[in-house]
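Here are the chains, one letter per residue:
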Amino acid sequence: MPNPSTAYFDDLFTGRPVMAILRGLDPDRTVELCERAWDAGIEAVEVPVQSPDALPSLRAVIAAGRDRDRPVGAGTVVTPEQVHTVYEAGAVFTVAPGYDPEVAAECAQLGLAHLPGVATSSEIGRALRAGHTWLKAFPAGDLGVGWIRAQLAPFPTVRFVGTGGIDADNAPTFLAAGCRVVAVGSALQDPRQLDLLARLGV
């Protein structure tokens, strides 16, 4: 049975093959880069919350997104407690580096779409059985495009979001290999790369 997250990510990512990840920046800089991404046509934004001091940046971007009707998600969500924290902050989806059934269940209970990470066939199988078809391939740069192609052969219903080590130069290769979306971070600070990434959705 499909997970409700599937419909949410289908809508969020259709025609939008790039997601912005804004990690480790102060609130003002995070909002600045977020607005730069939105202006370039990159609508999906994730702010990782690997530590509590990242929460002010998440809240600042959520406030900016509310003004522009843009969705903002929280990344590196690895405990049920974090799920509640980002839900109360106003995040509309969560992203995790791996697949944790307890985190996924907590997200489902609160109505948050959840994007779990996978790096093995076993993890993909478990996530699929739980109804997740959108999966974060992480770390994509280390796994490589061959891994993407190889996993899509036995798991053709998976929709991969390639994350980790992705920039404007290798993003087209990962999309051509079968990723539906690529998630980028530091590349957003480079005007040349931002322009190239924005063109991927044209």
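Just so you know, the residues in each chain are numbered from 1, in the order the chain's sequence is written. In keeping with the predicted nature of the model, local features appear solely for residues at pLDDT of at least 70, side-chain atom pairs appear and are counted solely at 80 or more, and the whole-chain, interface and lining totals rest on all residues. Water and hydrogen atoms play no part in the side-chain values, which are based on all heavy atoms of the structure.

Trainee: What is the right way to read the layout of surface pockets from this model?
Mentor: Think of a 1 Å grid over the protein atoms and nothing else: a 1.4 Å probe that fits but is trapped marks a cavity, an open set flanked by protein within 12 Å on at least five of seven lines marks a pocket, and residues with an atom within 4 Å of a point count as lining. Grid points are joined across faces, edges and corners, and a volume is the space filled by probe spheres set on the points. Taken as a whole, the largest pocket encloses approximately 270 Å³ of empty space. Lining the largest pocket are 18 residues, and of these Ile21, Arg23, Thr163, Gly164 and Gly165 lie nearest its centre. Nonpolar residues are Ala, Val, Leu, Ile, Met, Phe, Trp, Tyr, Cys and Pro. Charged residues are Asp, Glu, Lys and Arg, and all others, Gly as well, are polar. A per-class count over the lining of the largest pocket returns seven nonpolar, seven polar and four charged.

Trainee: Honestly, the pattern of salt bridges in this entry has me stumped. Any pointers?
Mentor: Pairs may arise between side chains of opposite charge once their charged atoms sit close together. Salt bridges are counted wherever a side-chain nitrogen of Lys or Arg sits within 4 Å of a carboxyl oxygen of Asp or Glu. Inspection of the entire model under this criterion finds seven salt bridges. As a salt-bridge pair, Glu32 and Arg29 come within 2.9 Å of each other at their nearest N and O atoms. Pair noted here: Glu32 and Arg29 are both in helix α2 (residues 27-39), with a separation of three residues, about one helical turn. Taking the relative accessible area as the measure of exposure, Glu32 reaches 38% and is therefore partly exposed. Each of Arg29, Glu32 and Arg36 takes part in a single network of salt bridges with overlapping partners. Elements are defined by DSSP. Helices are runs of H or I of four residues or more, strands are runs of E of two residues or more, and each kind is numbered from the N terminus. A simple rule labels every residue: compare its accessible area, found with a 1.4 Å probe on the protein chains alone, to the largest value its type can have, and call it buried under 20%, exposed over 50%, or partly exposed in between.

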